[in-house]
Every structure is written in structure tokens, then in C-alpha cells.
Amino acid sequence: MDFLRAVSARDGHEILSSFPVDPKTEMVSIEEARGRVLGADIVSGEGIPSFTRSLVDGYAVKAKDTQGARETSPALLYVRGEVRIGEVAGITVSDAEAVYVATGSMIPQGVDAVVMQEYARPAADAVEITRAAYQGENICYADEDIRQGQVVLKKGRKITAFDVGVLAAIGVSEVSVYRAPLIAVISSGDEIVGVDEPLPPGKVRDINRYTVSAVLQAEGACVRFCGLARDSVEAITAKLESARDCDMIVISGGSSKGERDYITTSIEGLGGKVLFHGINIKPGKPAIFGSLFGKPIFGLPGHPGSCAMVTIRFVLPFLRRLCGGYVRLETVVSGRVATNIPSAYGIEEYVRVALEKNDDGYLAKPIFSKSAVISPLAQADGYVIIPESSEGLEKGESVEVCLFA
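Q: Talk me through the side chain of Glu 349; I want residue IDs and the actual numbers.
A: By secondary structure assignment, the location of Glu 349 is in strand β24 (residues 348-358). In this structure Glu 349 is buried but unpaired, with Lys 282 as the nearest side chain of opposite charge at 4.3 Å. Apart from residues lying up to four places away in sequence, Glu 349 is in contact with Lys 282, Pro 342, Ser 343, Ala 344, Val 384, Ile 385 and Ile 386.

Encoded structure:
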């Protein structure tokens, strides 16, 4: 493919998905596991719960002995004793008998229901049951939650706080997770100054460094800022060299085609390969993707709005492959467009929107802005995708809004 020709959004994603990655794994304690991606299936070595237990405080009974019981005509059962929490139930219950149990107590042999104590009246060495019970009521059976040999968590899953609880339940204290990839972030441009520097006329602060780093870190990556490169092949080449040991390189600025196309020249000068230069999207058309030092490299547009959208739409899906290939469920809400949104045929466009709740659902109000500005991203709740086969959206048309995380 001639990299000087812009690819479609679909072709761009296909190129990214075919790029070989080899994510590494490491062992971590479950205290450190939340947010990491599982590197292997988790198979339970035991059943949970390991014994049949009561879900309430009350009386373990045979359900058939309580049939027809009511407040005015209770069933009278002899109380055989009590099973405390944490002790083995060494009692076998016969017909017309009951055993007092607490929440979490082991269920004795011979019973199939537990009557809540609210429906029981102690009477000397017996108990009056004032409500009929059904089989299995208020009982959690052994292996009912998790079976021995069951795959409880699958490889590639991003571990949640509740998953950590599952791991603890089955006695797993360490898990294999994919190593958090180290991403090199580089800014470029003669016009860029640091955020803590004075802002002379003609200069702009380094927005992209912080926006890109924050997005990548939120997805679980480790970020190394390799510095600001001035507009020359030599300066950019030196910064790329400093990122040789990273798992991926992301550089913003200097990606536009023409005499100032420093990034592609630097990549090729270091023996790398540019796989595409330009995507038929708006904003973000000048984006670059290639291979350098055997690692993926993204060249992002310098304009903050374009840079951010390319990061969200293209860099993040690739990062998830580096993190073990997990699939993130995008947060999407349905709504209707508040006004007409024109779009050029043949270009996939991302239009930022603010959401307004009304009686019919959500109203998506487009935020029209130039790609050089950043504040509309902070004002927007998400964005809608206008496919390249469309010339826009009409007021009132139904849309899916991809929410910014």
C-alpha cells in the first residue's frame, strides 16, 4: 500500500489489527489485580460454598412438616438443638423435628428448608411454625455458587473489584496478568512550550502531552514522556531513539504531509516502516501509523482536538491489544440530534456532542469547533460517528452517542 495515500477508517483499523503484538505476563497479588487484564483462565479448585448453609437466622426443617402452617394453626416441631456458625452440623433431623441455625450456619442432614425466626414461636423444647416453607427456601447449597473445575474468569478479562472477591473466595492469592505496556509519549513543534513556562506571542502550551498521557494511563498503560522535539529530522530522530526500549511510541505534531513531514522521514531514517500516512476521517486526517524498532508507532496530528480523537478511535483499541487483547464494552447511549449536522461524503466524521435529558430520552447537541482548540472536548459528553457513506444527520434523527470515559 502506498502510504502517501490516506486509508479509510476501516482499512486503518484492519492495518492496526494485523500488526503483530506479543504482550507479556507477570504474577501479581490479588490486592494489586484490579484493573489489570488476566493472562490465563482462572479455574476453581474447589466448590463454593463448600457446604450447604443457611441464608437466615431461623429453624432448619423438613418443608413437608410445615405444609398448611399459619398464624392461627401453626405446625409444632420438636427442637433437636442448634448449629452455630463455623461448626460442623453433627445432627440428623427426623420428621417433625427442627434445628436452630444462624445465618451462615451449616445445614444439618435431613432438612430442606429454613424458616425465618420471624415465623417461628419457641415453645419450651418445641417451636411453632406459623408459615409454610418450600423446598430450598433460605438455603444456599454446596457448589451452588461455583463448581470445582469451573472457569470462573476468562483470560483477557479486565479484573474488577468484584472479580477480586471471586478470586479470594476460591483461595487464589496471585494471578497471571498482562504486563502494563510502557508507552513513550513525545511532543514536537517549534511553537510548543511547557505548561509551566511563560507564553510568548506565537507559542502554544503542550496540551497533547497531557491529554494523550491521561487517556493512555486511564486504560492501564505506563507512560514515559521522552521530551519535546523541535521541528527537525535530527531532533525528532533523537527523541525516537530514546524510546527504543518502550512497547509503543506516540508522537504528536509534525505529521502533516509536505516539506514539514519530519516524523515519516525520521521513522524511515531509523529503519522503520510507515504503514499509512493519513486516514479519511475528520478530525485527525494526518495521522500516521508504522513500525519502528519492531514496535508500533503512532504519529498524531498537532491540533489538540484532532490528536485527542485519533487517540480515542485508533490508539486506544491498539493499546488494548498490547494489554492482552481485552474487549472493552463502550458506553453508548441513544438519543436524537438537536440540529442538522452536515458531513462530507467519503469521510468518517466524529462530531462532539453535549447531552441534554428530556422526556423522550437524550438530545444530542453538536459542538461545532475547529480541530485546533481543546475546550469543546471538555464541554462534550461524547461524540457521534457519521459514516463515510453519509452526507450528514438531520434534526431529530436517532443516533448512538459514544460517551467519553
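Q: Run through the packing of aromatic side chains, naming residues and quoting values.
A: Centre distance and the angle of the planes are the two values used to describe a pair of aromatic rings. Applying the stated criterion across every chain, the model contains nine aromatic pairs. Note on Phe 276 and Phe 289: the rings are 6.0 Å apart at their centroids and 35 degrees apart in plane angle, and the pair reads as tilted. Placement of the pair is Phe 276 in strand β18 (residues 273-277) and Phe 289 in strand β20 (residues 288-292), with a sequence separation of 13 residues. Side by side, Phe 276 and Phe 289 carry an identical accessibility label, which is buried. Connected via pairs of aromatic rings, a cluster forms that spans Phe 19, Phe 276, Phe 289, Phe 298 and Phe 318. The lysine or arginine in question, Lys 357, covers the ring of Tyr 362, its NZ or CZ lying 5.4 Å from the ring centre.

Q: Before we move on, can you summarise the sheet that holds strand β5 (residues 75-83) with the specific residues and values?
A: Taken in spatial order, the six strands line up as β7-β4-β6-β5-β9-β8 in an open sheet, and their pairing is mixed. Taken across any chain shown, the strands that pair with only one partner, and hence form the sheet edges, are β7 (113-116) and β8 (120-123). Averaged over all pairs of adjacent strands, the angle between strand axes in this sheet comes to 40 degrees, irrespective of strand direction. In the sheet, β5 pairs with strand β9 (residues 126-129) via four bridges, with the strands oriented antiparallel. Bridged to Ala 75 within β9 is Ile 129.

Q: Summarise the nonpolar core; cite the residues concerned and give the values.
A: Counting 37 residues, the largest nonpolar core has Leu 216, Val 250 and Phe 298 as its most contacted members. Of all the elements in the fold, those that place two or more residues in this core are α1 (9-18), β13 (182-188), α3 (207-218), β17 (248-252), β21 (295-300) and α6 (304-322). When residues of this core are assigned to their parent elements, the largest contribution, 10 residues, is made by α6. Contact partners of Val 250, with chain neighbours within four places excluded, come to Ile 183, Ala 184, Val 185, Ile 186, Val 212, Leu 216, Phe 298, Leu 300 and Val 315. Counting 18 residues, the second-largest nonpolar core is a separate cluster that includes Cys 226, Ala 243, Tyr 262 and Ile 267.

Q: Residues and numbers for α1, please.
A: Within α1, the full set of buried residues consists of Ala 9, Gly 12, Ile 15 and Leu 16. Taken down its axis, α1 places every buried residue within 120 degrees of arc, on the same side. Relative to its buried face, α1 has exposed residues pointing more than 90 degrees away, namely Arg 10 and Ser 18. In this structure, the buried residues of α1 make contact with β18, β19 (281-282), β20, β21, α6 and β24.

What counts and what doesn't
Residues numbered from 1 in each chain as written. Predicted model: local features only at pLDDT ≥ 70, side-chain atom pairs only at ≥ 80, totals over all residues. Heavy atoms only, no water. Helix = DSSP H or I, 4+ residues; strand = E, 2+ residues; numbered from the N terminus. Buried < 20%, exposed > 50% of the residue type's maximum accessible area, 1.4 Å probe, protein only. Lys, Arg positive; Asp, Glu negative; His and termini not counted. Salt bridge = Lys/Arg side-chain N within 4 Å of Asp/Glu carboxyl O. Contact = heavy atoms within 4.5 Å. Phe/Tyr/Trp six-rings, centres within 6.5 Å; stacked < 30°, edge-to-face > 60°. Lys NZ or Arg CZ within 6 Å of the ring centre and 35° of its normal. Pairing = 2+ DSSP bridges. Axes fitted to C-alpha atoms, helices over the stretch in contact; angles between N-to-C directions. Core = buried A, V, L, I, M, F, W, Y, C linked by side-chain atoms within 4.5 Å. Arc of directions from axis to C-beta.

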